[in-house]
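Chain residues, written in single-letter form:
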There are 2 protein chains.
Amino acid sequence: MKVTLIKDLYRNTESFIDQKVQVSGWIRTIRDSKAFGFIELNDGSFFKSVQIVFDDKLENFKEIAKLPISSSIKVEGDFIYTPQAKQPFEIRATNIVIEGTSNVDYPLQKKRHTFEYLRTIAHLRPRTNTFSAVFRVRSIASYAIHKFFQDQGFVYVHSPIITGSDTEGAGEMFRVTTLDLNNLPKDENGNVDNSKDFFGRDTNLTVSGQLSAEAFALAFRNVYTFGPTFRAENSNTARHAAEFWMIEPEVAFAELPDIMDLAEKMVKYVISYVLEHAPEEMNFFNNFIEKGLLDRLNNALNAEFGRVTYTEAIELLQKSGEKFTYPVEWGADLQTEHERYLCEKVFKKPVFVTDYPKEIKAFYMRLNDDNKTVAATDLLVPGIGELVGGSQREEREEVLADKIKELGMNEADYWWYLELRKYGGTKHSGFGVGFERLIMYLTGMTNIRDVIPFPRTPGNAEF
Amino acid sequence: MKVTLIKDLYRNTESFIDQKVQVSGWIRTIRDSKAFGFIELNDGSFFKSVQIVFDDKLENFKEIAKLPISSSIKVEGDFIYTPQAKQPFEIRATNIVIEGTSNVDYPLQKKRHTFEYLRTIAHLRPRTNTFSAVFRVRSIASYAIHKFFQDQGFVYVHSPIITGSDTEGAGEMFRVTTLDLNNLPKDENGNVDNSKDFFGRDTNLTVSGQLSAEAFALAFRNVYTFGPTFRAENSNTARHAAEFWMIEPEVAFAELPDIMDLAEKMVKYVISYVLEHAPEEMNFFNNFIEKGLLDRLNNALNAEFGRVTYTEAIELLQKSGEKFTYPVEWGADLQTEHERYLCEKVFKKPVFVTDYPKEIKAFYMRLNDDNKTVAATDLLVPGIGELVGGSQREEREEVLADKIKELGMNEADYWWYLELRKYGGTKHSGFGVGFERLIMYLTGMTNIRDVIPFPRTPGNAEF
């Protein structure tokens, strides 16, 4: 008999009425009295479980009744439709085969566990309701991102992970090496001889795929990356991880407002897609993780995102009368408290801030005609702060070359990036989205460690 | 006026007849005589270009006529339907705006360039026909992979890139570190003190996401990874790169034949999807890269993949009378020459070889009842050799623990992997596909450096 997924039982319930079915999965709960018992069986295909009723007509009744939770079994039985009951259907078992027995010291016994504790058993936590919901939504949101861009003809670019360049011209990076640290080759000055390393030079883990994406945008017009990026910052906060995924679309012939439109469309698309494809999980988050989550998401979905310049935003914050920990003054970067105040209290919806002072933004952002600001934007969203950061790129070869010199960056490292301007340099713009922040925004989860399968943070590379 | 993509002009030609259109893109070729000229304009949205006709009614006619190729322009004009001509339509320009001028030393002048040379200008090569086709197919095939698995409810898992464990128990790995190599902290014995490193231990770049995927399969049943993996092998061949992408599905309650079915379905799905969504590119490959490519792919599509045990395969090779460079004997691994002979000469289609000697396969593969072989499979395909490698996983805790001990691996590193067996260990199976090999199989490209945007190989981490 063919195995049926529990998802299908829920999605096509009526087609199973009075049918024989076979399911397999893991025991979430089990209870029994003398002659019969109940099993809540989850098969991983669906957020909800199915109730199995079994009785002592089964020859292995006693063995089944004693199974520790998380044991896996295969069940044949009759699908019983129970529209009046709490559970819309159940399976009356006619045969149960034990696939794998668990143990009584199984760590996920039926009680509340803290997220901190569950991080220490990251190999088992996807079996809990919360993490089952988080990681299914993560998967569905990933696919929504791909679908959004592919449906519009964007080309997906696998930008390199190991790199010799430092995109942002700042930020701590991880060194990648095959040198034997206990026996390093040295040059004549006694320094490490990087030319002996695997790539004949020193290399690092990428902090962004943007520069690569730009090269491809000037060939394919519309491209995006979606891959892992790295920061070796020693910051132990709920918002930072050493390894995280980024989405970086890049669009030729696009100016700043064009990619703001694109970002708004993308965020709304992912919200809709997840609400449609993971309704059970999203209701769970709304009930147990963040009351009001669905209102917050629907509000974003139905709003036209706000747009305000950095200069106007500074004025709004200064006039607000609000006491902030960090000072508000033109020229200083916005802190999370400012960002959240703007979108949560002033606009009450996601808002794009544009045209930041050039000093606080990256070298590749296009200088505005005022010579003071750059064509950059951050999208601020309630509950999170910055979700998207983008800009129009400096396409003028000389302006870019001057900037690289001015900042004391190594011009030779950027020969090919400058050549993109030399040979048909075209207006182009793009943005980056921290995928984990997007998942936190979608689920209400508040610690980045709880939206990554096996998180990497200072002092932690377990599993 | 709204900008139209050239892709739309080709896909919905009739809706543009006698319309005014606006396009923007890069000049591929340009030629002019006294009073008029022709531009082949590519906008990156489509493999083909569109012909722009311009004449001296344009006030900037002379300036346009002198533009170096790869300059970018914006064109307004009349869409002229020419069904009898070689090109089905053209645009008669009424206005041309120069977006970005290129230079006469543009390296991609209209002549043949070797792939070797084009690797040195990897930032520009996607503008050539070959690499435009390769990287668009790479993008489309990526999406086909996601769609294939998501449509069946598989959960996409982002397995970690930085890891403390070595999945295969073999293979050179890249060290990831934030230690200052010129000033390393030492322990009391004079060795590098790894506890001072970012993660409080030594860490490496992952060689496979499989172990993580197994943890998730035992929660979600059907999962897959699709991400970068790394090998620090100093092999300068056309088939090896230090950084490449892998797809690793993992299925709970599945035995070996189940995942062979899945692999066959997946390969066929990706072939069909690419043939349907990139017909121009696939015809280009068939005409200019590998004559007979489409026949080879259609043959795979229509065949039932062969299935043969390793033991039978050895017999077939021994009886073949063929002279091989490497000896054929039971117990030795199959070499590419053997693999290609089997699928190209014996079966004339893709073939699964199963049940390999345990000594030549990884520790996690399930021991067969003969105690000599493991439930492993490789899918061999014409032109490539091994495309997919999979196995049923050893779900028996004790058998697995014994194997880890026998191989002298560090048991402590595998505590959580063993716990997956302790707590409801369930039959499960999975496979891995080297994504670049799949792209080579789909396109006929023969060097892995030519199917990766910015390849990383020994001595090379440029761009």
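Conventions used here
- Residues numbered from 1 in each chain as written.
- Chains lettered and ligands numbered in written order.
- Predicted model: local features only at pLDDT ≥ 70, side-chain atom pairs only at ≥ 80, totals over all residues.
- Heavy atoms only, no water.
- UniProt positions renumbered as here; feature names shortened; annotations may be inferred.
- Helix = DSSP H or I, 4+ residues; strand = E, 2+ residues; numbered from the N terminus.
- Buried < 20%, exposed > 50% of the residue type's maximum accessible area, 1.4 Å probe, protein only.
- Contact = heavy atoms within 4.5 Å.
- Areas by Shrake-Rupley, 256 points an atom, 1.4 Å probe, with all protein chains shown as cover.
- Pairing = 2+ DSSP bridges.
- Phe/Tyr/Trp six-rings, centres within 6.5 Å; stacked < 30°, edge-to-face > 60°.
- Domains from an automatic or database assignment.
- Buried area = accessible area lost by both parts, 1.4 Å probe.
- Salt bridge = Lys/Arg side-chain N within 4 Å of Asp/Glu carboxyl O.
- Polar contact = N/O pair within 3.5 Å; in protein donor to acceptor, adjacent residues only side chain to side chain.
- Least-squares fit on C-alpha atoms with pLDDT ≥ 70 in both.
- Expected span 1.5 Å × (residues − 1).
- Nonpolar A, V, L, I, M, F, W, Y, C, P; charged D, E, K, R; others polar.

Going by an unreviewed UniProt entry, chain A carries the name Asparagine--tRNA ligase and comes from Neobacillus thermocopriae. The Catalytic activity (unreviewed entry) comment attached to chain A in UniProt states, word for word, "tRNA(Asn) + L-asparagine + ATP = L-asparaginyl-tRNA(Asn) + AMP + diphosphate + H(+)". UniProt, in its Sequence similarities (unreviewed entry) section for chain A, records the words "Belongs to the class-II aminoacyl-tRNA synthetase family."

Asks: Is there a simple way to explain the overall build of chain A in this structure?
Replies: Assigned secondary structure in chain A consists of 13 helices and 16 strands. For chain A, the residues scored as buried account for 60% of the 463 residues in total. Considering only residue pairs separated by 6 or more positions, chain A has 67% of its internal contacts joining residues 24 or more positions apart. Summed over all atoms, the accessible surface of chain A reaches about 18,400 Å², with 45% contributed by carbon and sulfur.

Asks: Explain the sheet that holds strand E7 (residues 162–163) of chain B to me, please; I cannot follow it from the model alone.
Replies: Adjacent strands of a sheet form backbone hydrogen bonds with each other and so pair up, either parallel or antiparallel. With antiparallel pairing, the six strands of this open sheet are ordered in space as E7(A)-E9(A)-E8(A)-E8(B)-E9(B)-E7(B). Across the chains shown, the open sheet's two edge strands, defined by having one partner strand only, are strand E7 (162–163) of chain A together with E7 of chain B. Examined bridge by bridge, E7 of chain A and strand E9 (residues 203–205) of chain A share two bridges and lie antiparallel to one another. Within E9 of chain A, the residue paired with Thr163 of chain A across the bridge is Asn204 of chain A.

Asks: Teacher, can you tell me more about the packing of aromatic side chains here?
Replies: A ring pair, where both rings are aromatic, is described by two values, the distance of the centres and the angle of the planes. Residues and elements named next belong to chain B. Summed over all chains, the structure comprises 83 aromatic pairs over all chains. Residues Tyr143 and Tyr273 carry aromatic rings whose centres are separated by 6.3 Å and whose planes lie at 65° to one another, so their mutual orientation is edge-to-face. In this pair, Tyr143 sits in helix H4 (residues 129–151) while Tyr273 sits in helix H6 (residues 256–277), placing the two residues 130 residues apart along the sequence. Geometrically, the ring pair formed by Tyr310 and Trp330 is edge-to-face, given 5.7 Å between the ring centres and 80° between the ring planes. Highlighted residues: Tyr310 in helix H9 (residues 310–319) and Trp330 in the loop between H9 and helix H10 (336–346), separated in sequence by 20 residues.

Asks: Sorry if this is basic, but what is going on with the pairing of strand E16 (residues 428–434) of chain B here?
Replies: A regular strand carries its side chains on alternate faces of the sheet. Residue and element names in this part refer to chain B. Burial analysis of E16 places seven of its seven residues in the buried class, the great majority of the element. The side-chain alternation of E16 yields two buried faces, one formed by His428, Gly430, Gly432 and Gly434 and the other by Ser429, Phe431 and Val433. Bridge count for strand E11 (residues 243–252) against E16 is five bridges, and the pairing is antiparallel. By the bridge assignment for E16, Ala252 is matched with His428. Two elements, strand E15 (residues 385–392) and E16, share five bridges in a ladder whose sense is antiparallel. Of the residues in E16, the one forming a bridge with Gly390 is Phe431.

Asks: Explain the domain arrangement of chain A here, please?
Replies: Interface size is commonly expressed as the accessible area that is lost once the parts come together. Residues and elements named next belong to chain A. What the domain assignment reports for chain A is domain 1 (6–100) and domain 2 (127–172 + 207–450). With centres defined by C-alpha atoms, the gap from domain 1 to domain 2 works out at 45 Å. Of the residues lining the interface, eight residues belong to domain 1; the matching set on domain 2 comes to nine residues. Of the roughly 730 Å² buried between domain 1 and domain 2, counting both surfaces, carbon and sulfur atoms make up 44%. Three residues, Arg11, Arg28 and Phe47, lead the burial of domain 1 against domain 2; their summed loss comes to 72% of the area buried on that side. Where domain 1 touches domain 2, the interface holds one salt bridge. Taking the shortest distance from any N to any O, the salt bridge between Arg11 and Glu280 comes out at 3.1 Å. Counting the contacts that link domain 1 with domain 2 gives five residue pairs in polar contact (both at pLDDT 80 or more).

Asks: Sorry if this is basic, but what is going on with the side chain of Asn204 of chain B here?
Replies: The residue Asn204 of chain B is located in strand E9 (residues 203–205) in this model. Excluding anything up to four places from it in sequence, Asn204 of chain B contacts Ile161, Ile162, Thr163, Met173, Phe174, Arg175 and Val176 of chain B.

Asks: Can you walk me through the relation of the copies chain B and chain A in this structure?
Replies: Mapping between the two copies of the chain is achieved by a rotation about an axis and a shift along the axis. The operation relating chain B to chain A is a screw motion whose rotation component is 180°, with 0.0 Å of axial translation and a residual RMSD of 0.0 Å. Both copies of the chain, as the preceding transformation shows, are related through a two-fold rotation axis. Ranked by how close their C-alpha atoms come to the rotation axis, the residues of chain B are headed by Val176 of chain B, at 2.4 Å. Looking at the interface residues of chain B, 99% of them are also at the interface in chain A, so both copies use one shared face.

Asks: Looking at this structure, I do not really get the sheet that holds strand E11 (residues 243–252) of chain A. What am I missing?
Replies: Residues and elements named next belong to chain A. The strand order across the open sheet built from eight strands is E6-E10-E11-E16-E15-E14-E13-E12, with neighbouring strands paired in mixed fashion. This sheet does not close on itself; its edge strands, each paired only once, are strand E6 (155–156) and strand E12 (306–309). Direction of pairing for strand E10 (residues 222–230) relative to E11: antiparallel, over a ladder of nine bridges. Bridging from a neighbouring strand, Phe230 pairs with Glu243 of E11.

Asks: Looking at this structure, how should I read H4 of chain B?
Replies: Every α-helical turn comprises 3.6 residues, leaving residues that sit three or four positions apart pointing alike. Residue and element names in this part refer to chain B. Between its first and last C-alpha atoms H4 spans 32 Å; for 23 residues at 1.5 Å apiece the expected length is 33 Å, and the two agree. Counting buried positions along H4 gives 20 out of 23 residues, so the element sits mostly inside the fold. Backbone geometry just after H4 places Gly153 at a positive phi near 80°.

Asks: When you look at the interface of chain B and chain A in this model, what are you seeing that I'm missing?
Replies: Each partner contributes residues to the interface: chain B has 111 residues there, and chain A has 111 residues. Counting the contacts that link chain B with chain A gives four salt bridges. Across the salt bridge formed by Asp43 of chain B and Arg221 of chain A, the nearest N and O atoms sit 3.6 Å from each other. Between chain B and chain A we count 38 residue pairs in polar contact (both at pLDDT 80 or more) in total. The residue inventory of the side of chain B that touches chain A, partitioned by class, reads 53 nonpolar, 39 polar and 19 charged. The sheet contact formed by strand E8 (residues 175–177) of chain A and strand E8 (residues 175–177) of chain B spans three bridges and is antiparallel. Residue pairing for E8 of chain B: Thr177 of chain A is matched across the bridge by Arg175 of chain B.

Asks: Help me out: how do you make sense of the pairing of strand E2 (residues 36–42) of chain A in this one?
Replies: Residues and elements named next belong to chain A. Two elements, strand E1 (residues 20–32) and E2, share six bridges in a ladder whose sense is antiparallel. Opposite Asp32, over in E2, you have Gly37 as the bridge partner. From the end of E1 to the start of E2, which pair antiparallel, there are three residues. Of the pairings in the sheet, the one linking E2 to strand E3 (residues 50–55) comprises six bridges and is antiparallel in character. Considered in E3, the bridge of Glu40 is made with Gln51.

Asks: In this structure, what is going on with the pattern of salt bridges? I would like to understand it.
Replies: Where charged atoms of side chains with opposite charge meet at close range, the side chains can pair. Within this structure, the stated rule accounts for 50 salt bridges over all chains. For Arg307 of chain A, the salt bridge goes to Glu264 of chain A, with nearest N and O atoms at 3.7 Å. Placement of Arg307 of chain A in strand E12 and of Glu264 of chain A in helix H6 (residues 256–277) is noted, with a sequence separation of 43 residues between them. Two residues, Asp151 of chain B and Lys147 of chain B, come together in a salt bridge whose shortest N-O distance is 3.2 Å. Of this pair, Asp151 of chain B and Lys147 of chain B both sit in helix H4, separated by four residues, roughly a single helical turn. For Lys147 of chain B, a relative accessible area of 24% gives the class partly exposed. Among the charged side chains, a network of salt bridges with common partners joins Asp261, Glu264, Lys268 and Arg307 of chain A.

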